[in-house]
Structure formats: C-alpha cells, structure tokens
Amino acid sequence: MIKDLLSILPQIIVLLTAMASLIFEMLRKASGSLITLIIGLAGASGLAISRLGTVGTAFSKTFRIDDLSLWAVIILCGTGILSALLMRQELKGTNREGTLYSLVAFSTLGSLLLAGSGDLMFLVLGVLINSLGGFAMAAYPKTDKATEGAIKYFVYGSVTGAVMLFGLTYWVGITGTTFIKDLTGITSQAFVLLIGFGGLITGLGYAASLFPFHFWTPDTFEGAPVSVAAFLSVTPKIGAFFALAQVMKDLPPLLDWNLILGILAVLSMTFGNIVALWQKNMLRLMAYSTVAQAGYFLLGIVAINQSGLALSGLIIFSLAYAAMNIGAFAVIQRTGNNIIYFEGLARKRPFMAVAMLVFLLSLVGIPPLAGFAGKFLLFGSAMDAGYTWLAVAAILNSVISLAVYLRIIFPMFYRKEPIYSFPTSGIITSVFTVCFIVTVLVGILLRFLV
C-alpha cells in the first residue's frame, strides 16, 4: 500500500493542493489559495520530472506509471499554474475567487487520472472530476452567456458521460473485469468491442473537443472568463488523449480502429479550420482552432502501436499545444476578444505582437517552433504506420489553418495605428513570456527531448 501511494505521489500532491486551496478559500484568503496552488503544482511537476523514465503500476495495475502519466503531470501542472495567474489578473477581488484555484487543482487531478488509466473506472472517474471542475469554472461570472455556456457544457457532458459508461459496460461484460489490459485477451465479439469503443470515443471526444462531440466548446469559451477558457482548451484535451492512448495500447485488432480514428481526425481538422475562417470573436475562433488541433492529436493515437515516433509526438505536441494555446489566450485576455482589437498591435505593443505571431505560427506548424516539432513527429508517426493519406490530410489542413491565423497576423503588423488601447499587465506579460520561451525552445531543442 505504501509503495503504491508513493508511486502516485504527484497525483496525491495535486489532491492535497486542491483541498488546501479550498480551506484557504473557506478562510476567505484568496491569495493564500493561489500561493498554495502554485507551490503544490510546482512540487508535483518537479517530482514527476525526477521520475521520468520510470515504468510501473500502482494499486493492482489499475494505474500506470509511464511516460504518458508523468509527462501529463509536468505539462498539466504547468498549465494549471499559468491559467491560475491569468485568473488572478482577470478575476481578482471577485466573490469566491479562491474557489477557482481549488477547481483548477481538482480538474487537473481528473486529467492526471485519465492520463494514467489502467482501469476503465479511472476513465469514468477522470472525466467526471475533470468535468465537474470545468462546469463550475465556466459558470463563474454568472452572466447570461456564462450560464448558457456552462449549461451546454454540463448537458453535453452528462449525455456523453452516460453513453461512455453504457459502452464500457459491454467491455466489462465480455472480459469480466475492469482492467484495460484484459482487453488484449478478447479474440471474438468484435461488435461488442465496437459498442464499447463508440462509448469511449464519445466520452473522451467530448472532453477533447473532438468533432462531432465539440458543440459545447464555442459557447462555453465565449461565455467563460478568458483565463478559464484557456484552461479548458488544454487540460481536459490532453488528459483525454493520453487516456485514449492508454486504451489503444491494449485494444485487440478485431476491427480497424485506426481507420475510424483517422476519419475522425480528418473531419475534426477540416471542420475546425474551415469554421474558424469566418469567426470574428477571438474566443470562438480559438474554440474552433482547438477542435482542429484535436484532429492532429489523433495522428499519434492512430500510430501508437506501430511507430516509435507516436509516443514522442504525442508528448511533444501536448507540451507545444499547452504553451502556444495558453500564450495566445493570455494575449487575447490583454487585448480583448474581438479580432479588430488586434489591428495595429505591433505599433503599440511590439513584443506582445511578436509573441502572438509566434503562438499562431506555432499552431500552424511553422519551423522551427514547438508546434512544428510536435506535428513533424505526429506526421512522421502516421506515415510510419502506413497512414500516409492521413498525414497528407493533416498537412493540407495546416495550410487552411494558416489562412485562419493570417486574418489576425496581417492587421496586427500592417495597420499603421492601433484602434484600441489597453493597460499593461505584469502578470499577463509574464505568462505569455514563459509560453513564448517554451514555444521557441521546444522547437529548437527537439533533438534533445526525444
């Protein structure tokens, strides 16, 4: 028991951090709640870094200690800290501010459970904990738009969660256990496996904003505080895709699961990029961008059992995605959520404009940035696994995404005078500067990371 507890110490630290932050909120000490969150998540992340390369299981093989679960701690704890700083800037002094920091820790914990899932019940528990925190954070402002977005998030979450649970019961029925590894022993009943797979994709696809389970995403992002939207765009998605990778390692090849995932990837990339082309609200644009990026994640999932590049690609792209997405949302939080607010930004705030340029080009996959490094590995893994058509579709979609982001980039640099002005913020500048450094360095130092 003690060995098991020590094995999952990073996750336990995140749990204790969430509880401690909640206690500070009960004492009406929001700053104490924030400081506790930062120290706790930084400690968990540092511990995970020291354990990189460790492989094992905990609690009768229900939780996996591997690269996916450890990198999830590193990436998502960093995301939680940066998101909480943005929340501090945006919502400082509001009622129940400290609750947000506690919810950040609880929601992060849900994604960490997903990333290390060795048991079907951890999949359900992870989605549940992750989503409950997200519902509350999305509804925080108590405005009509926030309430509408949170209700859609809740309703979609309830329905897809029920479908996932229903599907997974079929897998439990044919294996007699809830262990994911026991799926490998199934040699028949492909149709029953397909029902479970459909339920799994529905539940995890909702958390990951994957087409066609993404419909909550634009309205929830638009209604929620920008800092909350930033958090929701990263943490649930990475947790869900790491969980899907854990399942795909053990899913017997009775059907062509990769073909199903490949089709979903193409649909998600294409739908997200095309709809983003005519968005004027930056939060809705980023929402459809995150739908498109979900498709790229699936390339690594498709190749997870056939290419040595797939795991590295998933991890590097997740790290890149977290940095460039949080950075872009930080800039949006400073400038405003209408696309015209970016006109002439380079004249007024040149470093902020350059940082936004780097984040957007990284989302496209332009070298030598982090997004390019991640996509390069993901495209290579898909081709290694024999899915060249999928890599070609992903490259074509990257071209479409360039058109999406050029709508922001050109006015930002080629309009002579800015239309709108806004005050500076040290916290936001610090957040997007950290993201800027990570986005640049991950691409340059790729050879040392894989």
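Everything that follows concerns the structure shown earlier in this document.
Presented here is a report on the structure given in the accompanying data block. Because the structure is a prediction, the values reported are computed rather than measured.

Turning our eyes to something else, we now look at the layout of surface pockets. The computed volume of the largest pocket comes to approximately 390 Å³. In terms of lining residues, the largest pocket is bounded by 16 residues, among which Ile-74, Ile-75, Gly-78, Leu-319 and Val-438 are the most central. When contributions to the lining of the largest pocket are tallied by element, the ones reaching two or more residues are α3 (30–50), α4 (67–91), α13 (309–335) and α18 (426–444). Element by element, the count of residues in the lining of the largest pocket is highest for α4, at seven residues. What lines the second largest pocket is a set of 14 residues, and nearest its centre among them are Val-127, Leu-128, Gly-157, Ser-158 and Gly-161.

With that out of the way, let us pick up the packing of helix α5 (residues 97–115) against helix α6 (residues 120–138). Look at α5 against α6: their axes get within 7 Å of each other, and the N-to-C directions meet at 155 degrees. When the axes of α5 and α6 are compared, the pair comes out roughly antiparallel. As for how α5 packs across α6, the hand of that crossing is left-handed. Of the residues in α6, those touching α5 at Leu-100, Leu-103, Val-104, Phe-106, Ser-107, Gly-110, Ser-111, Leu-113 and Leu-114 are Phe-122, Leu-123, Leu-125, Gly-126, Val-127, Ile-129, Asn-130, Gly-133, Gly-134, Ala-136 and Met-137. Looking at the contact of α5 with α6 residue by residue, the class counts come to 13 nonpolar, seven polar and no charged.

With that settled, consider the pattern of salt bridges. Applying the stated rule across the entire model yields 10 salt bridges. Put simply, Lys-145 and Glu-222 hold a salt bridge, and the shortest N to O gap is 3.0 Å. Of this pair, Lys-145 sits in helix α7 (residues 144–175) while Glu-222 sits in helix α9 (residues 217–223), and the two are 77 residues apart along the sequence. A relative accessible area of 21% means that Glu-222 is categorised as partly exposed. Put simply, Lys-181 and Asp-182 hold a salt bridge, and the shortest N to O gap is 3.2 Å.

Thresholds applied
- Residues numbered from 1 in each chain as written.
- Predicted model: local features only at pLDDT ≥ 70, side-chain atom pairs only at ≥ 80, totals over all residues.
- Heavy atoms only, no water.
- 1 Å grid on protein atoms, 1.4 Å probe; cavity = no way out; pocket = protein on both sides within 12 Å on 5 of 7 lines; lining within 4 Å.
- Points joined across faces, edges and corners; volume = space filled by probe spheres on them.
- Helix = DSSP H or I, 4+ residues; strand = E, 2+ residues; numbered from the N terminus.
- Axes fitted to C-alpha atoms, helices over the stretch in contact; angles between N-to-C directions.
- Parallel < 35°, antiparallel > 145°, perpendicular 65-115°, else oblique.
- Left-handed = near helix turned anticlockwise from the far one by under 90°.
- Contact = heavy atoms within 4.5 Å.
- Nonpolar A, V, L, I, M, F, W, Y, C, P; charged D, E, K, R; others polar.
- Salt bridge = Lys/Arg side-chain N within 4 Å of Asp/Glu carboxyl O.
- Buried < 20%, exposed > 50% of the residue type's maximum accessible area, 1.4 Å probe, protein only.

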